[in-house]
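Fold and geometry: a report
The residues making up each chain are set out below.
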Amino acid sequence: MLVKCHRLAHSDGNRVFLTFDDGPVPGITEAVLNILEKHQVKATFFVVAEKAAAQRDIIEKMIRNGHGIGNHSLNHSFRPFFAGRKTMVEWISSAEKILQNLTGAESVGWRSPAGIQTPPLHDALKLLKMPLIHWNIRYFDTVKTWTWKSAEQSLPKIKPGSIVLLHDKQKKGNELTFLATLERFIPALKERGLVLDRLQRADFLTLSSEQ
Ligand SMILES: [Zn+2]
């Protein structure tokens, strides 16, 4: 049985959702948090649980500032996807337990490393009643530098409900360009009348059909 793969979130009004994967990473994640705070917007961080446990201060700041925390696995490994349902359930649950201990709440949902989907993953998410959250806008910003040009080109495609995939783990040398692009991207979205909000599990439970 397949679980639904959400590429959009439910959105009353003009909400769009920036998501940052693969952190927290000291330095750049804090810089992203400062930019979000400066522009008074919310986002969602799909964190790697082992990294989150080692960076409690950053996680606490995310919570304090009202951002969402998603489950991006225990350790960003690909192996458990091919190891069967039992391993998969344990792997996802162990990450979820760490995050719940850190944040005091259930995560927004699951996002797979590299977006991988296998039958054991779908079985596990169904059992654990966790939404599978993908994205509908991406820039391959782990592979190439996220420039203002590519951000600007994407603006017309970003609509209410859009989930934007970004990474707060950047290659050395790309961080400053990434942060500079984010600084311009947020006001550009606001100028288009969009509201940058955090994801919540309820955004997925109320979505009745694929958009
Ligand atoms: Zn990832």
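Preceding this paragraph is the structure being described.
So, a few notes on the structure that sits alongside this text. For clarity, every value in this text was computed on a predicted model and none was experimentally measured. (Residues numbered from 1 in each chain as written. Predicted model: local features only at pLDDT ≥ 70, side-chain atom pairs only at ≥ 80, totals over all residues. Heavy atoms only, no water.)

Of all seven residues making up strand β2 (residues 15-21), seven are buried, and the element is well covered by its neighbours. Covered by surrounding structure in β2 are Arg15, Phe17, Thr19 and Asp21 together with Val16, Leu18 and Phe20, the residues of both alternating faces. Pairing analysis gives two bridges linking β2 to strand β8 (residues 195-196), with the strands arranged parallel. Across the sheet, valine 16 pairs through a bridge with leucine 196, a residue of β8. Note: β2 against strand β7 (residues 163-167), five bridges, orientation parallel. Its bridge partner being in β7, phenylalanine 17 is matched across the sheet by isoleucine 163. (Buried < 20%, exposed > 50% of the residue type's maximum accessible area, 1.4 Å probe, protein only. Helix = DSSP H or I, 4+ residues; strand = E, 2+ residues; numbered from the N terminus. Pairing = 2+ DSSP bridges.)

Looking now at the packing of helix α1 (residues 28-38) against helix α3 (residues 56-64). Relative to each other, α1 and α3 sit at 15°, their axes nearing to 11 Å. Taken together, the axes of α1 and α3 lie roughly parallel to each other. In this structure, α1 meets α3 at a crossing whose hand is left-handed. Contacts between α1 and α3 involve Thr29, Glu30, Leu33, Asn34 and Glu37 on the former and, on the latter, Ile58, Lys61 and Met62. Considered class by class, the residues forming the contact of α1 with α3 number three nonpolar, two polar and three charged. (Axes fitted to C-alpha atoms, helices over the stretch in contact; angles between N-to-C directions. Parallel < 35°, antiparallel > 145°, perpendicular 65-115°, else oblique. Left-handed = near helix turned anticlockwise from the far one by under 90°. Contact = heavy atoms within 4.5 Å. Nonpolar A, V, L, I, M, F, W, Y, C, P; charged D, E, K, R; others polar.)

Note on the zinc ion: its protein donors are Asp22 (OD), His72 (NE2) and His76 (NE2). The metal-donor distances range over 2.0 to 2.1 Å. Written as a sequence motif, the donor residues of the zinc ion are D-x49-H-x3-H. A residue pair is termed long-range when its members are at least 10 positions apart, and aspartate 22 in the loop between β2 and α1 and histidine 72 in the loop between β4 (68-71) and α4 (85-103) qualify at 50 residues. Of the two residues examined, aspartate 22 and histidine 72, each falls in the buried class. (Donors = N, O, S within 2.8 Å, 3.2 Å for Na, K, Ca; no water.)

Before going further, it helps to examine the nonpolar core. Core analysis: the largest hydrophobic core is formed by 54 residues, its most contacted members being Leu18, Phe20, Leu182 and Phe185. If sequence neighbours within four positions are ignored, leucine 18 has contacts with Ala43, Thr44, Val164, Leu182, Phe185, Ile186, Leu189, Leu196 and Asp197. Grouped together as the second largest cluster of nonpolar side chains are 10 residues, Phe46, Ile133, Trp135 and Leu199 included. (Core = buried A, V, L, I, M, F, W, Y, C linked by side-chain atoms within 4.5 Å.)

Turning our eyes to something else, we now look at the side chain of glutamine 170. Looking at the secondary structure, you find glutamine 170 in the loop between β7 and α7 (175-191). Among the residues examined, glutamine 170 registers a relative accessible area of 9% and is labelled buried. In this structure the side chain of glutamine 170 is engaged in a polar contact, spanning 3.0 Å, whose partner is the backbone oxygen of histidine 167. If we ignore the near neighbours within four places in the chain, the residues touching glutamine 170 are Ile28, Asp141, Glu175 and Phe178. (Polar contact = N/O pair within 3.5 Å; in protein donor to acceptor, adjacent residues only side chain to side chain.)

A full pass over the atoms with the stated rule returns eight salt bridges. With a closest N to O distance of 3.7 Å, lysine 61 and glutamate 37 form a salt bridge. Residue lysine 61 is located in helix α3, and its partner glutamate 37 is located in helix α1; the two are separated by 24 residues in the primary sequence. Glutamate 37 gets classed as partly exposed once you look at its relative accessible area, which sits at 41%. Among the ionic pairs, glutamate 106 bridges to arginine 201, the shortest N-O distance being 3.4 Å. Here arginine 201 lies in the loop between β8 and α8 (202-205) and glutamate 106 lies in the loop between α4 and α5 (119-128), a separation of 95 residues in the sequence. Residues joined by salt bridges that share partners form a network here, namely Arg15, Asp197 and Asp203. (Salt bridge = Lys/Arg side-chain N within 4 Å of Asp/Glu carboxyl O.)

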